[in-house]
Amino acid sequence: MKTIVISLLKGGVGKTFFATHLAWYLAEQAGRRVAFLDLDPQGSSTRRLAKERTGLFSADLFDPDEKLVLEDAPGITVFGADPRLQMVKAAQDVHDFIVRFRGLSAHFDYCVIDTGPKWDELT
Ligand SMILES: Nc1ncnc2c1ncn2[C@@H]1O[C@H](COP(=O)(O)OP(=O)(O)O)[C@@H](O)[C@H]1O
Ligand SMILES: [Mg+2]
């Protein structure tokens, strides 16, 4: 799984614009499985990608107890933002995320990650 993170510590500079269009571009090739992780609590990409496969949440990747059912489906699968992202503050959350994130590679060819404008544990 090739992962591309869109990050810049400033708002309104086109991160979400670029991340969403990159995901659409990558998914144009038939059969490609693209994961999209919205790590911005503002959730702009989640709203922009509302017509894609939704129902998963990026906050679940920070929670080892949360059940995660992944299908190997072509197209974009959105891990959407929800208010729980604002609770991600501890180094342990980051560790839990990294462990869970590795598990995505068996199910996706690409992973695009949109981030918020802050330098914090989420980013
Ligand atoms: N390359 C671009 N061309 C035209 N409009 C753009 C471009 N990149 C961003 N925008 C617009 O600028 C605004 C801010 O972009 P956005 O992607 O939400 O920024 P960020 O995610 O960095 O906060 C949005 O209204 C978006 O549609
Ligand atoms: Mg944004």
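Check the entry above for the structure.
A. View of the site of ligand 1. Neighbouring ligand 1 are the residues Gly11, Gly12, Val13, Gly14, Lys15, Thr16 and Phe17. With respect to ligand 1, the side chain of lysine 15 contributes an N or O atom lying 2.9 Å from an oxygen atom. Between ligand 1 and phenylalanine 17 there is a distance of 2.8 Å, counted from an oxygen atom to a backbone nitrogen or oxygen. Out of a free accessible area of 550 Å², ligand 1 has 50% covered by protein chains. For the shell around ligand 1, the per-class residue count stands at 2 nonpolar, 4 polar and 1 charged.

B. Quick peek at helix α3 (residues 91-102). In a regular helix each residue adds 1.5 Å, so 12 residues correspond to 16 Å; α3 covers 17 Å between its end C-alpha atoms and thus fits that length. Residues of α3 that are buried include every one of Asp93, Asp96, Phe97 and Phe101, and no others. Buried residues of α3 fall within an arc of 130° about the axis and therefore sit on the same side. Seen from the buried face of α3, the exposed residues on the opposite side, beyond 90 degrees, are Ala91 and Arg102. In the core, the buried residues of α3 are packed alongside β1 (2-6), β2 (33-39) and β5 (110-115).

C. Spotlight on the nonpolar core. By size, the foremost hydrophobic cluster in this structure holds 19 residues, and its most contacted members are Leu37, Phe62, Phe79, Leu85, Phe101 and Leu104. Contributing elements (two or more residues each) for this core: β2, α3 and β5. The leading source of residues in this core is β2, at 3 residues. Ignoring sequence-local partners within four residues, the contact set of leucine 104 consists of Met1, Leu37, Leu61, Leu70 and Phe79. Counting 12 residues, the second-largest nonpolar core is a separate cluster that includes Ile6, Leu22, Val78 and Tyr110.

D. A look at the packing of aromatic side chains. Within this structure, the stated rule accounts for 3 aromatic pairs. Taken together, a centroid distance of 5.6 Å and an interplanar angle of 15° make the contact between phenylalanine 97 and phenylalanine 101 stacked. Of this pair, phenylalanine 97 and phenylalanine 101 both sit in helix α3, 4 residues apart, which is roughly one turn of the helix. Each member of the pair, phenylalanine 97 as well as phenylalanine 101, carries the same accessibility label: buried. The structure contains a cluster of three or more aromatic residues connected by ring pairs, namely Phe62, Phe97 and Phe101.

E. Looking closely at the side chain of aspartate 40. By the secondary structure assignment, aspartate 40 is in the loop between β2 and α2 (44-48). Buried and without a salt bridge, aspartate 40 has lysine 15 as its closest oppositely charged side chain, separated by 6.2 Å.

F. Inspection of the sheet that holds β2 at higher detail. Spatially, the 5 strands line up as an open sheet ordered β1-β5-β2-β4-β3, and their pairing is parallel. Edge strands, defined here as strands with exactly one partner in the open sheet, are β1 and β3 (53-57). Ignoring which end each strand starts from, the neighbouring axes of this sheet average 20° apart. As paired strands, β2 and β5 are joined by 6 bridges and run parallel to one another. Paired with aspartate 38 across the bridge in β5 is aspartate 114.

Reading guide: rules and limits
- Residues numbered from 1 in each chain as written.
- Chains lettered and ligands numbered in written order.
- Predicted model: local features only at pLDDT ≥ 70, side-chain atom pairs only at ≥ 80, totals over all residues.
- Heavy atoms only, no water.
- Near = heavy atom within 4 Å.
- Polar contact = N/O pair within 3.5 Å; in protein donor to acceptor, adjacent residues only side chain to side chain.
- Areas by Shrake-Rupley, 256 points an atom, 1.4 Å probe, with all protein chains shown as cover.
- Nonpolar A, V, L, I, M, F, W, Y, C, P; charged D, E, K, R; others polar.
- Helix = DSSP H or I, 4+ residues; strand = E, 2+ residues; numbered from the N terminus.
- Expected span 1.5 Å × (residues − 1).
- Buried < 20%, exposed > 50% of the residue type's maximum accessible area, 1.4 Å probe, protein only.
- Arc of directions from axis to C-beta.
- Contact = heavy atoms within 4.5 Å.
- Core = buried A, V, L, I, M, F, W, Y, C linked by side-chain atoms within 4.5 Å.
- Phe/Tyr/Trp six-rings, centres within 6.5 Å; stacked < 30°, edge-to-face > 60°.
- Lys, Arg positive; Asp, Glu negative; His and termini not counted.
- Salt bridge = Lys/Arg side-chain N within 4 Å of Asp/Glu carboxyl O.
- Pairing = 2+ DSSP bridges.
- Axes fitted to C-alpha atoms, helices over the stretch in contact; angles between N-to-C directions.

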